[in-house]
Amino acid sequence: MSAPGAVLSQASAPGRRTGLLPQMLLALLCGGYAIGSAFGWGSSRLAMVMGDFGLSAAALAAAVSCLVYVRRAAADRHRPAWALFAVSSLMVALGNGIWGWYEVVLQGDVPRTSVADFCFLLFAPPAIIGLLVLAKRPVTRAGWVCLGLDAWLIGGSLLTLSWTLALAQTALWEGHSTARIALSLAYPLLDITLVSVVLALHFRRSTANRAAVNTAIASLALTVLCDALFTSPLLREHYTSGQILDAGWFAGSMLLAYAPWVGGRSSAERQQEQAHRVSGSLAALTPYLAAAVCVLGILYNVIDGRKSDRVVLLTGCAVVLALVVRQGIMLLDNMALTQELAQKENHFRSLVQGSSDVIMIASPTGVLRYVSPAAKGVYGCDPETWVGTEFATHIHPEDLGRVVHEVRRFLAAHAAEEPATRIECRIRHGDGSWLNVESSVNRHQGGLIFNSRDVTERVRLQAQLQHNAEHDPLTDLPNRALFTERIRQAIGGRRAGDGDTGTTAVLFIDLDGFKAVNDTVGHQAGDELLVQAARRLRDSVRAGDTAARLGGDEFAALIRGTSADRHLREYQVHEVADRLRAALSEPYRVDGTDVRVAASIGVAFADPGVSPGELLRNADLAMYRAKQAGKGRVEVYAPAMQAEVVRRAELAGRLRAALRDGEFALLHQPVVDLGTGEVTAVEAQARWRSAQGVLFTPAEFLRVAEDTDRTAQLARWLLEEAVDQAAQRHAAGCPVPVAVRLSTRRLMHRELPPKDVEALLERHGLAPDSLVLQVADQDPRISLDELERRLTALSRLGVRIALEGFGAGFAPLEALRRLPVDVLKLDRGLTEGVAESPRLWKITAGLLRIAEDLGIRSVAEGVDRPEQVLALRELNCTHGQGMAFAGPLDEPRLRSSLACGGYPVPDGPVPPEGGRPSGRGTTQRADDLCSHTETAVPPA
């Protein structure tokens, strides 16, 4: 057999074997009894005890053993047979016990006709019925008739031979009673019947637990043989208990006691199954052998010169008649079976040849013996060209080893436990391509039957579904799940302490300004931009690296195999990251328009012990730092970034508790008229002193609140507290408007609709024009149209709107054109340099002129020095806010300042145009300017 033919090579599966200890014990008992019988047991009395009560004990043991098995083996359908064998053994035990009573106890002769004889006669009927129960039952009426005829053929032939040799003389005894003659004839006749059933059963026995059945048949055959020898007149006249003949009966009873507990299939039994055809042929010759025995019996009488006995003639004729009838029945039955077999064969051939599946039969050597016509349509080849070839030669080399392993495992398994198996492999098509084939494999006369079907489309669909599950549907890049798995594969083979630690890096990429593209150009154009960005990313990474889309406008790249040297690897990864940033920042052509976005990239290296999730998180933190640092740049992860995240998370948790426990306080900073020094408004500002005594600035906790989405609660608290205190000041005779600073994101939040602001003002009795809402910034995620609608609704209520940070930040002119602005607050950056920089002087002058032309009040933030007051007043700025007047004050100090009537303002000559105010000639001294600092400790 060639190497590919080894696909179907197999080893015999080991079967269960009966334990050696019971067999050895059985052999010792039977051998010991036989030796004792051969030597007369040492004394005549002991010989009688062992010959009578010893046989009775052996038969009783057989009966008990069979009954115990019947009680325990509830699943065995042959339980009635073993119960009948138990009854048969009880009869033998009772007969031997009675025989022993006469010989051993009474020490007399056993009567010629006694109860023991009837017990021995009752041994055969239960055994015969039990054997019939064990027989394989025919399924047709003709089968039952043939079974009866076979039994008669065997019994008739044995009766003819026995009558000729011995029974005729027994029947002619003179001086014996009819009962005695009948009893003498009953022994051999019942034995003949039992032998007939045994022989018939040998050829028709059931396949279930064959070892136990064979042992039971052997025990009964041994018992019948001893009975036949005992029936012989020559041996019976000289028989005494304890002779060697008793050893046969003893062995028969012990074998029957052992029979129910014989183990499963043995190697010898499997050899018997392999010889099943031989035994089947012998069974076919049984009728003819029986007829031959009858002929021999008649010839014996003729040769001996005796007149043919009527019993022999009648029995021989009956045997011949039964043989003729049997052959006629078998002939008719065979004709019917032949016709049925032909129909089934035609049916099978039609099914096989018409099936769309390919059916192949392979020999034990792996050579194909049959290939169905469906191979032409499936494999694209003539089935005849495959017949005689080895099946292994048609399997893909990469799948051959797996197929060989599965076939060998299947053949080594027990057929009852695993009747079939399933194998998938690739089979060569006639055009040279490979098909994915699924085969159901079954055993067939030492070989295999393959029922194969083409599943190529199913495999392709599964591969496509797997691809879709692991790739982004828009860009076809690996998604987050596959990217995480690639990271796990990249870092999974490294061990802590390896020299290549950190040679794997992850780049986390975010497109800056992508939301603006969606808002201005449209989502379809945004998708096209993402597709182009993915193409650029895929083209820019190195071979062996992985580019992925994590979701939205977030991408990632897995960089493998960088240098182990720390500085060199950072340089290499920086070079890759800069190349990606430059490629992604190039203009995109979308719908005939050039669109620009930038890329912020965070880099993290796979240090020892880091997990894929942690590595991605580190790269994300580095990208977030790149955005904070100005966007469009590359940042490398440092442990301090994680510490900052932890600190911010802790601060966010404490912020929630602070809002719940009332740890926030409200301060107010006056807004002063630059001409008169009068306080015209106050700006409410929140301060937080934690329970541990730590004072947090607004820059700290507002940024954390924004990141944790807590500014909605904080803004609502700030607004309610500011309106409440403003209403109390109005009631106390200090009617000063209050300004509340809100980000556009908080202003547009669903928890702060205009109707709630109106309800708040009505609840505290504060006029709407006493509340100024300062729009702090423009969130790119909020469209200007939505902001315009919200501010217009608030303005209709009477609430005044202030635009903060004018001169910096987002499109101030567009906001002025569309938003209902009442107050314009100059950015601190303009105020700080207006007295020193001629350029800022002119810019500020232009902005203030626009506000004046629009009739909008102007307020300058960050007015901290007297020269700034003079310069802004000369530029027609009407109001100022800063440390030149007062810092944020608590409620008592604020009311004290309001009671004073205002703050002194400097006075001096007008500075030259475009020049820097000198501050000389002021009417007020610097000491007269009340530079109030912020209240140090907020009230509890």
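Quick caveat: nothing in here was measured; it's all calculated off a predicted structure.

Per the secondary structure count, the chain includes 33 helices and 21 strands. Taken over 940 residues, the chain has a buried fraction of 46%. Within the chain, contacts between residues at least 6 apart in sequence are counted, and of these 68% link residues at least 24 apart. Element-wise, carbon and sulfur atoms account for 58% of the exposed surface of the chain, whose accessible area totals about 46,700 Å².

Looking now at the sheet that holds strand β1 (residues 358-362). One open sheet holds the five strands; their spatial order is β2-β1-β5-β4-β3, and the pairing between them is antiparallel. Because the sheet does not close on itself, it has two edges, and the strands there are β2 (368-371) and β3 (420-428). Taken pair by pair, the neighbouring strands of this sheet meet at an average axis angle of 25°, ignoring direction. The pairing of β3 with strand β4 (residues 434-444) spans nine bridges and is classified as antiparallel. Across the sheet, the residue bridging to R426 is N436, located in β4. This element, helix α16 (residues 397-412), spans β3, β4 and β5 (447-454) of the sheet and lies at about 160° to β3. Helix α17 (residues 456-470) contacts β3, β4 and β5 of the sheet and is inclined by roughly 120° relative to β4.

This next bit is on the side chain of R687. Inspection of the secondary structure puts R687 in strand β14 (residues 679-689). Among the polar contacts listed, one links the side chain of R687 to the side chain of Q685, at a separation of 3.1 Å.

Looking now at the sheet that holds strand β11 (residues 598-605). One open sheet holds the five strands; their spatial order is β7-β8-β6-β11-β12, and the pairing between them is mixed. Looking at which strands have only one partner, the edges of the open sheet turn out to be β7 (546-551) and β12 (634-636). When the angles between neighbouring strand axes are averaged without regard to direction, this sheet yields 20°. Examined bridge by bridge, strand β6 (residues 505-512) and β11 share eight bridges and lie antiparallel to one another.

For the rest of this paragraph, the subject is a nonpolar patch on the surface. On the surface, a nonpolar cluster with roughly 480 Å² of combined accessible area is contributed by L60, V64, L67, V68, L90 and W261. No other element matches helix α2 (residues 44-72), which puts four residues into the nonpolar patch. Structurally, the position occupied by L67 is in helix α2. Accessibility expressed as a relative area gives 43% for L67, which makes it partly exposed.

Among the nonpolar cores identified, the biggest contains 73 residues, and L719, L771, L773 and F885 are the most heavily contacted of them. For this core, the element with the highest residue contribution is helix α25 (residues 711-731), accounting for seven residues. When sequence neighbours within four positions are dropped, the list of residues in contact with L773 reads L719, V740, L742, L747, L794, V799, R800, I801 and A802. Of all hydrophobic cores here, the second largest spans 51 residues; its members include A62, V110, I217 and C226.

Checked against the element boundaries, L134 lands in helix α5 (residues 124-134). Residues L134 and W82, 52 residues apart in the sequence, show an inter-C-alpha distance of 9.2 Å.

This part takes up the pairing of β6. β6 sits mainly inside the fold: eight of its eight residues count as buried. Of the two faces of β6, the one holding A505, L507, I509 and L511 and the one holding V506, F508, D510 and D512 are both buried throughout.

Before going further, it helps to spend a moment on empty space enclosed by the protein. Applying the stated rule across the entire model yields three cavities of 30 Å³ or more. Computed from the structure, the second largest cavity encloses a volume of approximately 110 Å³. Looking at the second largest cavity, it is lined by 14 residues, and the ones nearest its centre are V671, A681, V772, V823 and V859. Mapped by element, the contributors of at least two residues to the lining of the second largest cavity are β14, β17 (771-775), β18 (800-806), β19 (823-826), β20 (857-861) and β21 (879-881). Within the lining of the second largest cavity, the residues separate by chemical class into seven nonpolar, four polar and three charged.

For the rest of this paragraph, the subject is the packing of helix α27 (residues 754-764) against helix α28 (residues 784-797). Look at α27 against α28: their axes get within 10 Å of each other, and the N-to-C directions meet at 25°. One finds that α27 runs roughly parallel with respect to α28. Note on packing geometry: the crossing formed by α27 with α28 is right-handed. Residues P754, V757 and E758 of α27 touch α28, and the partners they reach there are R790, A793, L794 and L797. Class assignment for the residues of the contact of α27 with α28 results in five nonpolar, no polar and two charged.

This paragraph deals with the confidence of the model for the chain. Per-chain confidence: the chain averages 77 in pLDDT, with 73% of residues scoring 70 or above. Ranking the helices and strands of the chain by mean pLDDT puts β21 first, with 94, and helix α11 (residues 267-274) last, with 46. In this model residues 265-282 is a low-confidence stretch, pLDDT under 50, and it forms 18 contacts with partners more than four residues away in sequence or in other chains. Segment residues 910-932: pLDDT under 50, and 42 contacts once partners within four positions in sequence are set aside and those in other chains are kept.

Next up on the list: unusual backbone geometry. With phi around 65°, D476 is a residue other than glycine that occupies positive phi space. By the secondary structure assignment, D476 is in the loop between α17 and α18 (480-492).

Attention shifts here to the pairing of β20. Burial within β20 is extensive, with four of its five residues counted as buried. Looking at chain direction, β19 and β20 are connected through four bridges and run parallel. Each residue of the ladder has a partner; that of L826, found in β20, is A860. Here three bridges tie β20 to β21, and the two strands are oriented parallel to one another.

Thresholds applied
Residues numbered from 1 in each chain as written. Predicted model: local features only at pLDDT ≥ 70, side-chain atom pairs only at ≥ 80, totals over all residues. Heavy atoms only, no water. Helix = DSSP H or I, 4+ residues; strand = E, 2+ residues; numbered from the N terminus. Buried < 20%, exposed > 50% of the residue type's maximum accessible area, 1.4 Å probe, protein only. Contact = heavy atoms within 4.5 Å. Areas by Shrake-Rupley, 256 points an atom, 1.4 Å probe, with all protein chains shown as cover. Pairing = 2+ DSSP bridges. Axes fitted to C-alpha atoms, helices over the stretch in contact; angles between N-to-C directions. Polar contact = N/O pair within 3.5 Å; in protein donor to acceptor, adjacent residues only side chain to side chain. Patch = residues over 30% accessible without salt bridge, like charges linked within 9 Å, V, L, I, M, F, W, Y side chains within 5 Å. Salt bridge = Lys/Arg side-chain N within 4 Å of Asp/Glu carboxyl O. Core = buried A, V, L, I, M, F, W, Y, C linked by side-chain atoms within 4.5 Å. 1 Å grid on protein atoms, 1.4 Å probe; cavity = no way out; pocket = protein on both sides within 12 Å on 5 of 7 lines; lining within 4 Å. Points joined across faces, edges and corners; volume = space filled by probe spheres on them. Nonpolar A, V, L, I, M, F, W, Y, C, P; charged D, E, K, R; others polar. Parallel < 35°, antiparallel > 145°, perpendicular 65-115°, else oblique. Left-handed = near helix turned anticlockwise from the far one by under 90°. pLDDT = per-residue confidence, 0-100.

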